[in-house]
Amino acid sequence: MVRAPGPSVRLKLALSYAGFLMVAAVLLLAAVWLFLLRYVPDRAFLIPGSTDTPTNNGVFPVRSNLLHVFAPRAALVLAFLLVFGLVGGWLLAGRVLAPLNRVTEATRLAATGSLRHRIRLPGRADEFRELADAFDTMLARLEAHVDEQRRFAANASHELRTPLATTKALLDVARTDPDPDVAGIVDRLHAVNTRAIELTEALLLLSRADQRSFTREPVDLSLLAEEATETLLPLAERHGITLETSGAVAPTTGSPALLLQLTVNLVHNAIVHNLPEGGTVRIDTRTRPGVVLLTVDNTGEQLSPHLVATLTEPFQRGTGRIRTDHAGVGLGLAIVHSITRAHDGTLTLTPRPGGGLHITVELPAAAA
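Since this is a predicted model, take the numbers as computed values, not measurements.

Rules used in this analysis
- Residues numbered from 1 in each chain as written.
- Predicted model: local features only at pLDDT ≥ 70, side-chain atom pairs only at ≥ 80, totals over all residues.
- Heavy atoms only, no water.
- Helix = DSSP H or I, 4+ residues; strand = E, 2+ residues; numbered from the N terminus.
- Buried < 20%, exposed > 50% of the residue type's maximum accessible area, 1.4 Å probe, protein only.
- Contact = heavy atoms within 4.5 Å.
- Areas by Shrake-Rupley, 256 points an atom, 1.4 Å probe, with all protein chains shown as cover.
- Salt bridge = Lys/Arg side-chain N within 4 Å of Asp/Glu carboxyl O.
- Axes fitted to C-alpha atoms, helices over the stretch in contact; angles between N-to-C directions.
- Left-handed = near helix turned anticlockwise from the far one by under 90°.
- Nonpolar A, V, L, I, M, F, W, Y, C, P; charged D, E, K, R; others polar.
- Expected span 1.5 Å × (residues − 1).
- Bend = angle between axes of the 7 residues up to and from the residue.
- Phe/Tyr/Trp six-rings, centres within 6.5 Å; stacked < 30°, edge-to-face > 60°.
- Pairing = 2+ DSSP bridges.
- Patch = residues over 30% accessible without salt bridge, like charges linked within 9 Å, V, L, I, M, F, W, Y side chains within 5 Å.

**Student:** What am I meant to see in the overall build of the chain here?
**Tutor:** Of the regular secondary structure elements, the chain holds eight helices and seven strands. Out of the 368 residues belonging to the chain, those deemed buried represent 33%. Taking contacts inside the chain between residues at least 6 apart in sequence as the whole, the part at least 24 apart equals 70%. With an accessible surface of roughly 22,700 Å², the chain has 62% of that area assigned to carbon and sulfur atoms.

Here it is, written out as structure tokens:
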């Protein structure tokens, strides 16, 4: 935005200080006049019974003489106070506004794309230091968000390039092979295309959750847990996993579709990352004062806390970049994390001592 030039804040503060000082001086002189000079006689007079002569007026000064002597000196004092107020106000305003200059410089650096700069304003807490600390916090979060988006874009490009490269290789083989296996190539192309579609839909869902473009409605997490369990029961039976659902009514508000996707992703992740056979998945819902909880526990291999801390990053899998029939696209827990944040909740992942994972989603409870 282009603005017309105007006086600086420092000049305005200096003028304000000088003006306040002048007003205070004028009020002081007015008080002297009202409460002191008004009682001085206009002319000399004799005290009854006194032997003094009328010419002996040194003891009782005349008001006009006092004004003649006092007015020039009062004007000099006012002039001195004006200059003193301007100079002192200018210096004092510069000292007070010095932290604001550092905030302005940091803002300009951030506007150029440099997010690593921090103000780190020293001194005790005041309004300027609170502003600087809030700005540093904003820069840190913005830098982390930008880095996350860059990593996400790089990973998404890598993941999308893989099915495209596979498709190109299959088509090249079919074109150069004199006797191609058409049925086999079509099956492989269908599998690759299905994976690309799943990845694209996951990316769109992740973007929708990050933008919070949904209408909040009353939702019961216990019903979503039952629906997710019924949907994924065939998958669990195929992998020999036992599903156990329990808990009480857990009312919250949000997008039913997104919260159902969150629950399905958690249960699906617990099924496919489990023991080869004989594993279990427990889904539980309960309420606490002000919040509702959805917990998913599953058996599985031993996971380190360092690995668990990275599972919510996009395209991160518990066993690395694996390629299996149920590897997914690496966005399951990332989508869960984004949906949880979009609903003002928290997601906690904890490795179980005996192997597997304990996941807790905490969301604000619906108002009574």
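There's plenty left to go through after this.
**Student:** What's the story with the pattern of salt bridges in this structure? I'm lost.
**Tutor:** Side-chain pairing between opposite charges can occur once the charged atoms of the two side chains come close. As enumerated under the stated definition, the model contains nine salt bridges in all. Note that Asp172 and Lys168 form a salt bridge whose closest N and O atoms lie 3.2 Å from each other. Highlighted residues: Asp172 and Lys168, both in helix H3 (residues 127-176), separated by four residues, approximately one helical turn. For Asp172, a relative accessible area of 26% corresponds to the partly exposed category. Residue Lys168 is classed as exposed on the basis of its relative accessible area, which comes to 53%. Arg216 serves as the salt-bridge partner of Asp344, at 3.4 Å between the closest nitrogen and oxygen. Taken together, the residues Asp344 in the loop between helix H8 (332-342) and strand S6 (346-351) and Arg216 in the loop between helix H4 (182-211) and strand S1 (217-220) connect sequence positions 128 residues apart.

**Student:** Is there a simple way to think about the packing of helix H6 (residues 256-272) against H8 in this case?
**Tutor:** The angle between the axes and the distance between the axes are what describe a pair of packed helices. Between H6 and H8, the least distance of the axes is 9 Å, while the angle of their chain directions is 145°. By crossing handedness, the relation of H6 to H8 is classed as left-handed. Across the interface between the two elements, Leu258, Leu259, Gln261, Leu262, Asn265, Leu266 and Asn269 from H6 touch Gly332, Leu333, Ile335, Val336, Ile339 and Thr340 from H8. Of the residues that constitute the contact of H6 with H8, the class distribution is eight nonpolar, five polar and no charged.

**Student:** Explain helix H5 (residues 221-238) to me, please; I cannot follow it from the model alone.
**Tutor:** For the α-helix, the turn length of 3.6 residues means that residues three or four positions removed from each other point alike. Helix length check: H5, at 18 residues, gives a terminal C-alpha distance of 26 Å against a target of 26 Å (1.5 Å per residue), a fit within 8%. If you look at H5, its biggest bend is around 50°, right at Leu232, and the proline Pro234 turns up within four residues after that. Inspection of H5 places Leu221, Ser222, Leu224, Ala225, Ala228, Thr229, Leu232, Leu235 and Ala236 among the buried residues, and these make up the whole buried set. Positive backbone phi, approximately 70°, marks Gly240, located one or two places after H5.

**Student:** Whenever I open this one, H8 confuses me. Can you help?
**Tutor:** Burial analysis of H8 places eight of its eleven residues in the buried class, the great majority of the element. Buried within H8 we find Leu333, Ala334, Ile335, Val336, Ser338, Ile339, Thr340 and Ala342. Asp344 sits one or two residues past H8 and shows a positive phi near 60°.

**Student:** What should I look at first to understand the packing of aromatic side chains in this one?
**Tutor:** Here a ring pair, both rings aromatic, is described through the centre-centre distance and the interplanar angle of the planes. Scanning the entire structure with this criterion turns up one aromatic pair. Centroid distance Phe80 to Phe84: 5.9 Å. Interplanar angle 20°. Geometry classified as stacked. A residue pair is termed a helical-turn pair when its members lie 3 or 4 positions apart in one helix, as Phe80 and Phe84 do in helix H2 (residues 63-111) at four residues. Each member of the pair Phe80 and Phe84 is classed as exposed.

**Student:** I would appreciate a short explanation of the sheet that holds strand S2 (residues 241-247) in the present structure.
**Tutor:** Either a parallel or an antiparallel arrangement is found when strands of a sheet pair, and the pairing is made through backbone hydrogen bonds. Pairing is mixed in the open sheet, where five strands are placed in the order S2-S4-S5-S7-S6. Either end of the sheet is taken by a strand with one partner, and the two such strands are S2 and S6. Neighbour-to-neighbour, the strand axes of the sheet open up by a mean angle of 15°, direction not taken into account. Examined bridge by bridge, S2 and strand S4 (residues 279-288) share seven bridges and lie parallel to one another. Within the sheet, the bridge partner assigned to Thr245 lies in S4 and is Ile283.

**Student:** How should a nonpolar patch on the surface be read in this particular structure?
**Tutor:** Residues Leu11, Leu15, Leu82, Val83, Leu86, Val87, Trp90 and Leu91 make up a contiguous nonpolar surface patch of roughly 690 Å² in combined accessible area. No other element matches the six residues that H2 contributes to the nonpolar patch. The class for Val87 is partly exposed, based on a relative accessible area of 47%.

**Student:** Please explain the side chain of Arg129 as it appears in this structure.
**Tutor:** Residue placement: Arg129 occurs in helix H3. In this structure Arg129 comes out as buried when scored by relative accessible area, which is 19%. Beyond its immediate chain neighbours, meaning those up to four positions away, Arg129 contacts Leu121, Pro122, Gly123 and Arg124.

**Student:** Please explain the pairing of strand S5 (residues 291-298) as it appears in this structure.
**Tutor:** Within a regular strand, the side chains alternate between the two sheet faces. Within S5, eight of the eight residues are buried, which leaves the element mostly enclosed by the surrounding structure. Covered by surrounding structure in S5 are Val291, Leu293, Thr295 and Asp297 together with Val292, Leu294, Val296 and Asn298, the residues of both alternating faces. For S4 and S5, the ladder comprises eight bridges, and the chain directions are antiparallel. Each bridged residue has a counterpart across the sheet, and for Asp284 the counterpart in S5 is Thr295. A loop of two residues connects S4 with S5, the two strands running antiparallel in sequence, and Gly290 in this loop sits at a positive phi of about 85°. Relative to strand S7 (residues 357-364), S5 is paired through eight bridges, and the arrangement is antiparallel. Note that in S7 the partner of Thr295 across the bridge is Thr360.

Shape is all these values report; function is a separate question.
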